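# Structural overview for review
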Amino acid sequence: MRPITAQTYRAFLASPHGEVLGAGFLQCPSWAEVKEGWRAQLLGWGPDPEAGELIGVALVLLRQFPGTRKYFAYLPEGPVADWSDPDLDAWLTPLLEHLRRTGAFAVRIGPSPAHRRWSAARLKPLTGLGRRLGDVLASEVDPLGTAVAERLRARGWRRCGGDATGTDGGTGAGGGDAQPRHVFQVPLVGRTTEDLWSGLSQEWRRNVRRARKEGVEVVVGSAADLPEFCRLLALTERRDGFRLGRSLAYYERQYAALNAEEAGRMKLYLARHQGEILAAHTMITVGRRAWYQTGASADHRREVRPSNALQWRMLLDAHALGADVYDMRGVPSTLDPEERAYGLLRWKLGTGGQVVETLGEWERPLGGSANHTLHRAFQAYLKRR
């Protein structure tokens, strides 16, 4: 386990082995430049990390606990590792030892294996008052995810928010996960554009046709369009009752950092109608994965369906880039049509994809009574913020 350069880290992600591990954008070196208030470390392990002979990497974000020289270590959707390795301790133990030496009192990770999946076809007819994802038998339970969860528990890790299938009504995971525990994904492997079109619901196909008929134009914007994106995002937050708390400066920093790392890594798609931008969505690509990160739309002229037109274009672009999956990020766990949050899930279900319950985030203090005490104090500090 060694600190490595950003160049070595990126070379590993682009290598055949690194690509198979499927790193998310939150584990790219550029993400360290997006997050303010955190120190960052790039770590690698393998036969010879300094020479680039690696089998895994990790972006570690370190937040200092006020009044101490100790840090909370956070690996968002990481580390980038082979979670099927039966000898988990061979790389996990050195990682924890390195973080302890760095001054970390606790660590949070986000293992990549999935836990459960529900197809859109299974969920659509099973909505109802008070219903949640956990009430529906999953289409698939990932045995690797189950095994990883058992291994982590045996090593003293705690699943943030517990093991329940979410009780929140929002898009993020409830009970402590910083990243969404439930995401919506559209598989692209082996599918033609005709397959993707037929996979859309009748309502989605009708809305895409309506946008086309009304003359909605979808284009890829630039950094100059970020202020308009943020204006529309503020409207969307007020209309839909959520708050991301991200400023224009945040998106400018993200756009610059991700595209400096790889041209076109982050794109801003715009839907124009009669010369006016009615909706704007961001898409991020890393390796063979593409994510719809954030969407925003105006309050008026919604009948011309600009958001459906945007998503259809982004889905086609992800397919053309050779992505294995188009990830639409977080969805709520509610299946209750009376709950406001269900509207987001209903909209994404129309693409014909699947809800994926990730393993969520896992946390543990790094040994010793002092670190346990700091960990409890840090959790209380976060709750007060």
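Residues numbered from 1 in each chain as written. Predicted model: local features only at pLDDT ≥ 70, side-chain atom pairs only at ≥ 80, totals over all residues. Heavy atoms only, no water.

In this fold, Arg108 is placed in strand β5 (residues 104-109). Taking relative accessible area as the criterion, Arg108 reaches 12% and is therefore assigned buried. In this view, Arg108 contacts Phe72, Ala73, Tyr74, Leu75, Cys160, Gly176, Asp177, Ala178, Glu361, Trp362 and Glu363; residues no more than four positions away in its chain are not counted. (Helix = DSSP H or I, 4+ residues; strand = E, 2+ residues; numbered from the N terminus. Buried < 20%, exposed > 50% of the residue type's maximum accessible area, 1.4 Å probe, protein only. Contact = heavy atoms within 4.5 Å.)

Time to look at the pairing of strand β14 (residues 325-330). Of all six residues making up β14, six are buried, and the element is well covered by its neighbours. Note that strand β9 (residues 182-187) and β14 share four bridges and pair antiparallel. Looking across to β14, one finds that Val186 is bridged to Tyr326. The pairing of strand β13 (residues 289-297) with β14 spans three bridges and is classified as parallel. Each residue of the ladder has a partner; that of Trp291, found in β14, is Asp327. Following the chain from β13 across helix α11 (residues 306-320) to the adjacent parallel β14, one finds a crossover that is right-handed. (Pairing = 2+ DSSP bridges. Right-handed = clockwise from strand over helix to strand, strands pointing away.)

A separate point is the sheet that holds strand β2 (residues 39-45). The strand order β1-β2-β3-β4-β5-β16-β8 describes an open sheet built from seven strands, whose pairing is mixed. Here the strands that pair on one side only, and so sit at the sheet edges, are β1 (2-3) and β8 (158-159). Where β8 and strand β16 (residues 362-365) come together, two bridges link them in antiparallel fashion. Within β16, the residue paired with Arg158 across the bridge is Glu363.

We now examine the confidence of the model for the protein chain. When the pLDDT values of the protein chain are averaged, the result is 94; 97% of them are 70 or greater. Of the regions scoring below 50 in pLDDT, residues 165-175 engages in 36 contacts with residues more than four places distant in sequence or in other chains. (pLDDT = per-residue confidence, 0-100.)

Turning our eyes to something else, we now look at the packing of helix α8 (residues 202-213) against α11. Where α8 contacts α11, the axes come no closer than 8 Å and their chain directions differ by 100°. On the basis of their axis angle, the class for α8 and α11 is roughly perpendicular. The residues of α11 that touch α8, namely those facing Trp204, Asn207, Val208, Ala211 and Arg212, are Asn308, Ala309, Gln311 and Trp312. In the contact of α8 with α11, the residues fall into five nonpolar, three polar and one charged. (Axes fitted to C-alpha atoms, helices over the stretch in contact; angles between N-to-C directions. Parallel < 35°, antiparallel > 145°, perpendicular 65-115°, else oblique. Nonpolar A, V, L, I, M, F, W, Y, C, P; charged D, E, K, R; others polar.)

Right, let's get into the sheet that holds strand β10 (residues 217-220). A sheet is described by the order of its strands in space; here nine strands give the open sequence β7-β6-β15-β9-β14-β13-β12-β11-β10, paired in mixed fashion. Each edge of the open sheet is held by one strand with a lone partner, namely β7 (140-141) and β10. Where β10 lies against strand β11 (residues 266-273), four bridges are found, and the strand directions are antiparallel. Within the sheet, the bridge partner assigned to Val220 lies in β11 and is Tyr269. Those strands touched by helix α12 (residues 342-349) are β9, β12 (276-286), β13, β14 and β15 (354-358), and its axis lies near 170° from that of β14.

What follows concerns unusual backbone geometry. Most peptide bonds take the trans form, and the phi angle of most residues other than glycine is negative. Pro79 follows Gly78 through a cis peptide bond whose omega is 10°. Counting through the fold element by element, Pro79 comes out in the loop between β4 (71-75) and α4 (89-102).

A few words on the nonpolar core. Ranked by internal contacts, the top residues of the largest apolar core, which has 86 residues, are Phe229 and Tyr326. Broken down by element, this core gets its largest block of residues, seven residues, from β12. Setting aside its immediate chain neighbours within four residues, Phe229 contacts Tyr251, Leu268, Ala280, Thr282, Thr294 and Ala296. In terms of nonpolar packing, the next biggest core, distinct from the first, is built from 27 residues, Met1, Leu99, Trp157 and Leu359 among them. (Core = buried A, V, L, I, M, F, W, Y, C linked by side-chain atoms within 4.5 Å.)

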